[in-house]
Amino acid sequence: MGDITAAMVKELRERTGAGMMECKKALVEANGDMQEAEDIIAKSGHKKAAKSASRTAAEGRIAIASAANGAVVVEINCETDFVGRDESFVQFCEKVANIALQAKPADIDALLNHSFDAGISVEDARKALISRLGENIQVRRFNAVTASPSQRIGSYIHNFRIGVLVLVEGGDDALAKDLAMHIAAMKPQYVSADEVPENVVAKEKEIAMERAKQSGKPENILEKIVQGQVQKHLNEICLLGQGFFKDPDQSVGALLKSANAKVVSMIRMEVGEGIEVIKKSFEEEVMAQARGSKS
């Protein structure tokens with residue numbers, strides 16, 4: 001076949017999302033055969049995905065997709081904040097969130113196996129994005145909420161790093177939105193004290209009793225001191241006990257009561273939470289890059 005033209009490179013880029021030089025190299029290797037070049041790019045993407053999988057991806061983006069009676073929040077990770085702001089990464093995150101909302105997959109594997117584009121799964125698109133951006137990219141988790149006719153969903157994203165969905169019975173849209181913003185800012189672990197596991201309460205009682213004994217207070221009032229300390233802790237970690245972020249003198253529980261509303265459930269997702277990031281020294285990074293360039 002003749003020379004590889006710019007138009008051919010452009011077409012392959014549009015079909016695969018790979019870089020210009022990678023597309024030109026694939027077309028040369030395939031002697032200009034577009035389908036064969038696309039296969040070469042796909043195989044290359046799989047190799048890059050396998051190589052990058054061992055690197056920690058703790059940056060990324062939270063995306064939310066909403067419909068009239070449901071919403072989904074998704075966390076997708078990459079290695080650097082720079083890639084987290086890349087337009088192709090942003091578009092991938094938004095599309096995956098919409099797929100999760102519409103397809104209602106049972107788990108991450110089902111989401112990754114779902115169609116992304118004609119003939120391409122979410123997993124294929126993920127690997128193609130790795131090939132284009134050169135970083136480990138992971139669709140880490142998602143959560144969905146479904147609302148009945150009497151319920152509403154409040155959603156909020158803060159700097160695309162914290163995402164919240166809160167399901168509210170009663171109230172109005174403004175209240176639901178405020179609650180989502182409060183949850184993002186105040187990070188409650190539970191909706192109410194009833195949800196707190198017994199072992200968590202028992203541990204807090206143990207700590208509070210130890211502190212109370214060290215205070216030198218009489219035995220007969222130690223129990224009251226402990227009860228007060230435990231209740232204070234529960235208020236701090238439970239949504240209903242927290243002071244409302246717009247009016248700290250009023251608890252969220254009191255706010256909901258005044259609006260004749262109830263929080264049914266909440267989801268708060270933050271980029272990278274729970275991921276252990278191992279920091280390397282400058283020398284270790286140089287050595288790792290040198291080893292990588294030889295492979």
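Scroll up a little and you will see the structure.
Computed from a prediction, not measured in an experiment: that's the story for all the values here. (Residues numbered from 1 in each chain as written. Predicted model: local features only at pLDDT ≥ 70, side-chain atom pairs only at ≥ 80, totals over all residues. Heavy atoms only, no water.)

Caption draft 1: Local environment of the sheet that holds strand β5 (residues 138–146). Strand order in this open sheet of three strands is β1-β2-β5, and the pairing throughout is antiparallel. Pairing within the sheet leaves two strands with one partner each, and these edge strands are β1 (59–67) and β5. Here the strands of the sheet are splayed against their neighbours by 15 degrees on average, with no regard to which way each runs. Relative to strand β2 (residues 70–78), β1 runs antiparallel, the two sharing nine bridges. Counterpart to Ser66 in the pairing with β2 is Ala71. Along the sheet face, helix α5 (residues 87–103) touches β1, β2 and β5 and points at about 145 degrees away from the line of β2. (Pairing = 2+ DSSP bridges. Helix = DSSP H or I, 4+ residues; strand = E, 2+ residues; numbered from the N terminus. Axes fitted to C-alpha atoms, helices over the stretch in contact; angles between N-to-C directions. Contact = heavy atoms within 4.5 Å.)

Caption draft 2: Inspection of the pattern of salt bridges at higher detail. With the rule as written, the count across this model stands at eleven salt bridges. The residue Arg141 makes a salt bridge to Glu273 at a minimum N-O spacing of 2.8 Å. Of this pair, Arg141 sits in strand β5 while Glu273 sits in the loop between β10 (262–270) and α12 (282–294), placing them 132 residues apart in sequence. Connected through shared salt-bridge partners, Glu75, Arg140, Arg141 and Glu273 make up one network. (Salt bridge = Lys/Arg side-chain N within 4 Å of Asp/Glu carboxyl O.)

Caption draft 3: Inspection of helix α10 (residues 219–237) at higher detail. Given a rise of 1.5 Å per residue, 19 residues ought to cover 27 Å, and the 28 Å separating the end C-alpha atoms of α10 matches this to within 8%. All of the buried residues in α10 are Leu222, Val226, Val230, Leu234 and Ile237. All buried residues of α10 fall inside an arc of 100 degrees around its axis, so they share one side. In α10, the exposed positions that point more than 90 degrees away from the buried face belong to Asn220, Lys224 and Lys232. (Expected span 1.5 Å × (residues − 1). Buried < 20%, exposed > 50% of the residue type's maximum accessible area, 1.4 Å probe, protein only. Arc of directions from axis to C-beta.)

Caption draft 4: Quick peek at the packing of helix α9 (residues 198–214) against α10. With their axes 9 Å apart at the nearest point, α9 and α10 run at an angle of 130 degrees to one another. When the axes of α9 and α10 are compared, the pair comes out oblique. Here α9 and α10 pass one another in a crossing that is right-handed. Note on element contacts: α10 touches α9 through Leu222, Glu223, Ile225, Val226, Gln229, Val230, His233 and Leu234, opposite Val201, Glu204, Lys205, Ala208, Met209, Ala212 and Lys213. Residue classes in the contact of α9 with α10 are distributed as nine nonpolar, two polar and four charged. (Parallel < 35°, antiparallel > 145°, perpendicular 65-115°, else oblique. Left-handed = near helix turned anticlockwise from the far one by under 90°. Nonpolar A, V, L, I, M, F, W, Y, C, P; charged D, E, K, R; others polar.)

Caption draft 5: Up close: the sheet that holds strand β6 (residues 151–158). A sheet is described by the order of its strands in space; here three strands give the open sequence β6-β7-β10, paired in antiparallel fashion. Looking at which strands have only one partner, the edges of the open sheet turn out to be β6 and β10. Taken pair by pair, the neighbouring strands of this sheet meet at an average axis angle of 10 degrees, ignoring direction. Two elements, β6 and strand β7 (residues 162–169), share eight bridges in a ladder whose sense is antiparallel. Within β7, the position partnered with Gly154 by the bridge is Val166. Those strands touched by helix α8 (residues 173–186) are β6, β7 and β10, and its axis lies near 40 degrees from that of β6.

Without other data, these values stay purely geometric and don't point to any function.
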